[in-house]
Structure formats: C-alpha cells, structure tokens
Amino acid sequence: MNTTICNGCGFNATTTAPAHCPLCGTPGNRFLSEQKAAQRSNIKVSNINHRITRLKAEGLGTSVYRLETSAGYVWIDCLPLFNDAVAPVDAILFTHRDFMGATDRYQQAWHAETWLHREEQNHPLAQDHHITHGFDDNFCRGDLEAFVIGGHTPGFTVYLHKDALFVCDLVLGQDDRMRFNAAGSPEANLGAATQLNTLLRRRKIRVVCGYNYVTDFRSWQSAFKKLIAKTERSLHALQLSQPVDLYRQTA
C-alpha cells in the first residue's frame, strides 16, 4: 500500500498525495512517506487510569484512547501512523470520519473490528477504508456505550465507558475559551451539545478525553454549559434580527 501522510493533520492518502489535504487543506507537497512521518512524530503513551491509556502522535496533535472493556480492548479513533510496537486491540470505534488515520494497516495487522456510523462511510475521508460494522443508532459493545448526536458531521458519535467521556473534537478547548468545531453549523452543533448535556445529567463522569486534551469533568462541563448558553443567545439574537415577511405572515 503506497500510503502518504499529511504533515498537518495526519490524514492518510491511500494512493498518491492529493493537491491539498481534504481534511485540513495542507498542500500535497507537504505530504510525507510513512517512514518520514514516523521519524518526525513519536507516539507518546500515557496512562489516564487503570483502564484507559492515551496514545498521542506528537507533532500531529491527535490522540487515540485505548480502553479495557468487558468485550476486550478497543481504540477510540485511530492513530495516523502505523507502529507495529503498539499493543493490539480487538476493535477500533470511530467518533466520525475525520480520524480514520492508519485504520486499514492496523485492521489488517490485528484482524480488528472497525465501527463507523453509516452516514460517515460514503464521505471521501472514509470511503476507501474497510469498515466491518456500520451502525445507525446508539449501541453498546460490552460496557462501552455509543451515542450518535451529530454535530459537525451527520454521524458524529460520542462514547461513554464507566466514568469517562470521549468527545474527540466535538468542541475545541477545555476551558472558558471552548468553542464548537467550525466545520458544523451553529444549529447542528447546538443540537448535538444539547443532546449530550441532557445525557450527562444522569451520569457520574470524572474524566473527559478530547482529541488533544484530557481534563476533569466538572471544569469541562462548566465551560460546556456556558458554550451552550452563549450559542443559544447568539442564535436567538440572529433570529430576532431577520427581516419579517409581512405578506407571508398575513397570507
């Protein structure tokens, strides 16, 4: 497989490098061979707790989480670099199409299951990857729970495992500077966030794992609620500022 890797975000092109990265827009002349990408980006491994390990592709800013679940070991999303020294998993479950990484290399090496929402699979970022399990709705795989909430992609999925929440890049930042991913409309992002906020009311969460951070739930939730309220006010103000079609109202 002639794979080249985007030096900006880690996107894997399974053929020749495109003119521009379809994910982050990096010019094709900045794509690297697998060997050069591996030389420039180490994989840093750190323990979050006794069940969760974080694997971070340094220099590319992306994190993957390895979980010990009742149905075996899983990854949430995939590393952009193939490394045969990484401990294997039984399944790779995706939040959405943007973090497919070196999926096929790992799937072939480990014979791992791969899970992605069906609405994500036909997108150019995902259509060349081998997916063994497509899903349409919420599901459980052992004690790992998946919730489809949408947002900046139609099938965006968050995961809950015991006291941990995995949100990838549903929101960017972890404090009062938190913002929604600009790839989604304000309405779609707000709808996703509102669903998640309602879900979390019934849960005892301690840690939040994002695509480039790990933080405690209380501080993250405070910022998350403020972002929801801010977005609601902004959309409400926008609606009030729209011109009124008097003819349509009286027709």
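For the structure itself, consult the block above.
Colleague: Is there a simple way to think about the sheet that holds strand β17 (residues 207-210) in this case?
Modeller: Whether parallel or antiparallel, the strands of a sheet pair through hydrogen bonds between backbone atoms. Across the sheet, 6 strands lie side by side as β11-β12-β13-β14-β17-β18; this open sheet has mixed pairing. Two strands close off the open sheet at either side, each with one partner strand: β11 (139-141) and β18 (214-216). Taken over all neighbouring pairs, the strand axes of this sheet differ in orientation by 25° on average, direction set aside. Strand direction decides the pairing type here: β17 and β18, joined by 3 bridges, are antiparallel. Bridge pairing in β18 links V207 to D216. Its contacts with the sheet place helix α5 (residues 217-241) against β14 (164-168), β17 and β18, and it is angled at close to 90° to β18.

Colleague: Quick question: what am I supposed to make of the state of the cysteines here?
Modeller: By definition, a disulfide links the sulfur atoms of two cysteine residues through a covalent bond. The full count for this structure, using the stated rule, is 0 disulfides. Counting only cysteine sulfurs, C209 is the nearest neighbor of C168, a cysteine outside any disulfide, at a range of 11 Å.

Colleague: Any chance you could explain the packing of aromatic side chains here in plain terms?
Modeller: Ring pairs (aromatic) are described by centroid distance and by the angle formed between their planes. Applying the stated rule across the entire model yields 10 aromatic pairs. When the ring of F135 is compared with that of F139, the centres are 4.7 Å apart and the planes differ by 55°; the resulting orientation is tilted. For F135, a relative accessible area of 6% gives the class buried. A relative accessible area of 14% places F139 in the buried class. Through pairs of rings, three or more aromatic residues link up here, namely W75, F82, Y106 and W110. Above the face of the Y73 ring, R66 is positioned so that its terminal group lies 4.1 Å from the ring centre. For the cation-ring pair, R105 lies above F82, with the distance from its terminal atom to the ring centre recorded as 4.4 Å.

Colleague: Would you mind going over the environment of A109 with me for this structure?
Modeller: As for its placement among the helices and strands, A109 is situated in helix α2 (residues 103-110). For A109 and D84, which are 25 residues apart along the polypeptide, the C-alpha to C-alpha distance reads 8.2 Å.

Parameters and conventions
Residues numbered from 1 in each chain as written. Predicted model: local features only at pLDDT ≥ 70, side-chain atom pairs only at ≥ 80, totals over all residues. Heavy atoms only, no water. Pairing = 2+ DSSP bridges. Helix = DSSP H or I, 4+ residues; strand = E, 2+ residues; numbered from the N terminus. Axes fitted to C-alpha atoms, helices over the stretch in contact; angles between N-to-C directions. Contact = heavy atoms within 4.5 Å. Disulfide = S-S within 2.5 Å. Phe/Tyr/Trp six-rings, centres within 6.5 Å; stacked < 30°, edge-to-face > 60°. Buried < 20%, exposed > 50% of the residue type's maximum accessible area, 1.4 Å probe, protein only. Lys NZ or Arg CZ within 6 Å of the ring centre and 35° of its normal.

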